[in-house]
Amino acid sequence: MTTHLLAAALDAAERGWHVFPLRPADKRPALHGESVCPLIGDCAGGHRKWEDRATIDPDRIRRAWADRPFNIGIATGPSGLVVVDLDMPKQKSSTGTPSGVTTFTALCQRAGQPVPTTYRTRTASGGHHLYFTAPPGAQLTNSAGRLGKLIDTRAHGGYVVATGSFTATGPYTVTDPTPPAPLPEWLYALLAPRQPSRGLTAVPSPSKASRYAAAALRAETATARAAQEGERDCTLLSAARALGRFIAWGDLPRSVVEEALQEAGESAGLSSRQCRSTVRSGLNWSIARNPQRRAA
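The numbering scheme is per chain: residues are counted from 1 as the chain's sequence reads. Totals for whole chains, interfaces and linings use all residues, but because this is a predicted model, local features are given only for residues with pLDDT of at least 70 and pairs of side-chain atoms are given and counted only at 80 or more. With hydrogens and water set aside, each side-chain value is computed from the structure's full complement of heavy atoms.

1. Here's the deal with the packing of aromatic side chains
When two rings of Phe, Tyr or Trp (its six-membered ring) have centres within 6.5 Å they constitute a pair, described as stacked for plane angles under 30 degrees, edge-to-face for angles over 60, and tilted for the intermediate range. In the structure shown here, the tally under the stated rule is seven aromatic pairs. Pairwise contacts between aromatic rings join W17, Y119 and Y131 into one cluster. By the criterion adopted, a ring carries a charge over it if an Arg CZ or a Lys NZ lies within 6 Å of its centre and within 35 degrees of its normal. The ring of W285 has R241 lying over it, and the distance from NZ or CZ to the ring centre is 4.0 Å.

2. Observations regarding the pairing of strand β3 (residues 81–86)
Think of it in three bands: with a 1.4 Å probe and only protein chains considered, a residue is buried below 20% of the maximum accessible area for its type, exposed above 50%, and partly exposed in between. Numbering of helices and strands runs from the N terminus, with a helix taken as a DSSP run of H or I at least four residues long and a strand as a DSSP run of E at least two residues long. Burial analysis of β3 places six of its six residues in the buried class, the great majority of the element. Residues L81, V83 and D85 line one face of β3 and the alternating positions V82, V84 and L86 line the opposite face, and both faces are buried. Sheet topology note: the β3/strand β5 (residues 128–133) ladder contains six bridges and is antiparallel. Along β5, the bridge assignment pairs V83 with Y131. Pairing analysis gives four bridges linking β3 to strand β7 (residues 151–154), with the strands arranged antiparallel. Each bridged residue has a counterpart across the sheet, and for D85 the counterpart in β7 is D152. The pairing criterion for strands is at least two bridges between them, as found by DSSP.

3. Points about the nonpolar core
Formed by 47 residues in total, the largest nonpolar core has its most connected members in F104 and W186. Contributions of two or more residues to this core are made by β3, α4 (100–110), β5, α5 (185–191), α7 (206–225), α8 (232–248), α9 (254–268) and α10 (272–289). Per-element tally for this core: the top contributor is α7, with eight residues. Nonpolar cores are built from buried Ala, Val, Leu, Ile, Met, Phe, Trp, Tyr and Cys residues. Side-chain atoms within 4.5 Å join them into one set. Counting 20 residues, the second-largest nonpolar core is a separate cluster that includes L6, I61, V83 and Y119.

4. Some remarks on the environment of F246
Counting through the fold element by element, F246 comes out in helix α8. Expressed as a C-alpha distance, the spacing of F246 and A216, which sit 30 residues apart in the sequence, is 9.1 Å.

5. Structural notes on the environment of A162
Assignment of secondary structure puts A162 in the loop between β8 (159–161) and β9 (166–167). Residue classification places A162 among the buried residues on the basis of a relative accessible area of 3%. Distance from A162 to C234, taken between C-alpha atoms, is 35 Å for residues 72 residues apart in sequence. The contact rule is simple, with two residues in contact once any of their heavy atoms fall within 4.5 Å. With residues near it in sequence (within four places) discarded, A162 still touches I72, I74, Y131 and Y172.

6. Quick look at the environment of R60
If you trace the backbone, R60 turns up in helix α3 (residues 58–64). The partly exposed category is assigned to R60, whose relative accessible area is 24%. In this structure, the C-alpha to C-alpha distance between R60 and F20, residues 40 residues apart in sequence, is 9.7 Å. Once residues lying within four places of it in the same chain are set aside, the contact partners of R60 are D42, R53 and T55.

7. Side note on α8
For α8, with 17 residues, the first-to-last C-alpha span of 25 Å sits near the 24 Å given by 1.5 Å per residue. A242 marks the point of greatest bend in α8, at about 25°. Along α8, the positions that sit buried rather than exposed are T235, L236, A239, A240, A242, L243, G244, R245, F246, I247 and A248. Once α8 ends, the next one or two residues include G250, with phi positive near 85°. Take the number of residues in a helix, subtract one, and multiply by 1.5 Å to get its expected span. We define the bend at each residue as the angle formed by axes fitted to the 7 residues ending at it and the 7 residues starting at it.

8. Some remarks on helix α1 (residues 2–14)
Taking 1.5 Å per residue as the helical rise, α1 with its 13 residues ought to reach 18 Å, and the 18 Å between its terminal C-alpha atoms agrees with that figure. Residues of α1 that are buried sit in contact with β1 (19–22), α3, β2 (71–75) and β9. Positioned one or two residues after α1, G16 has a phi angle of 90°, which is positive.

9. Some details on the state of the cysteines
The disulfide definition used here is simple: a pair of cysteine sulfur atoms within 2.5 Å. Under the counting rule described, the total for this entry stands at zero disulfides. With no disulfide of its own, C275 has C234 as its nearest cysteine by sulfur position, at a separation of 14 Å.

10. Describing the side chain of R120
By the element assignment, R120 lies in strand β4 (residues 120–122). We treat Lys and Arg as the positive residues and Asp and Glu as the negative residues; His and chain ends play no part in the count. In what follows, salt bridge is the name for a side-chain nitrogen of Lys or Arg lying within 4 Å of a carboxyl oxygen of Asp or Glu. No salt bridge is formed by the buried R120. Its closest oppositely charged neighbour is D176, at 5.9 Å. Once residues lying within four places of it in the same chain are set aside, the contact partners of R120 are V115, H128, H129, L130, T173, V174, T175 and D176.

11. Some words on the sheet that holds β2
Read across the sheet, three strands follow the order β1-β2-β8 without closing on themselves; strand pairing throughout is antiparallel. Only two strands of the sheet have a single neighbouring strand rather than two, namely β1 and β8. When the angles between neighbouring strand axes are averaged without regard to direction, this sheet yields 35°. Two strands pair when backbone bridges link them, and β1 and β2 are joined in this way by four bridges, in the antiparallel orientation. Across the sheet, F20 pairs through a bridge with G73, a residue of β2. Against the sheet, α1 engages β1 and β2, with an angle of about 15° to β2. For helices, the fitted line uses only the C-alpha atoms of the stretch in contact; every axis is such a line through C-alpha atoms, and the angle between N-to-C directions lies from 0 to 180 degrees.

Below you can see the structure in the form of structure tokens.
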């Protein structure tokens, strides 16, 4: 088993994915924590966390996996990956609770996009991991439920369990060996920080800005349309705040955004009056906090 896991770790490293050991038959890092750090070896200059110690160096990997059957963690940030984690409902969940795969498929349909073809793995619990290459220069972090229930993402500050690993509930296996595709623009628009830094909001050309704004509009309206009862007004407000910056920057007309969000909110089950009030509030809030990029 140790030989099999070593081979899987080396294979991941050959792809440029930075790996580190997880506890045998477990998903938790096998490396020591800061409170018990001996401050020697890799930590001689100060404690180094698992993301800092993840490596593609085959010699270090061989030493780490020489004696124990460690599972394999892939540090998504250093690896330039964004992984969409489609989870399964907990055993105690209602029988009608949709899986992450089902919710993600519905999200794609509402956004008018196909389910992306990319490197995909099956997790020990029966869920799926979709691997994407991160946009150049983007600093996406982890998210939980932002794309929908039972959908998490892993980027900077996160990791996933690599194929070849196993737990008591089963192995991690490849279901689609297609090389990771670039993260689609419409997904990036949903995952981008709500209040990005000036460096990230700078857009090199109007055509690029228009494509990004259009992708954001599709993605945010799809999310608002798919919101569940009890989350609809909050989701619509969040979408309006996310899109208001494109109005401030001159990339989208306010009337177009208002009409799209109004339709999405009403489709989700909100009243026309409530939609208008929420959209207006969210857009005004965002526009006031995002200075115009272009001169009028």
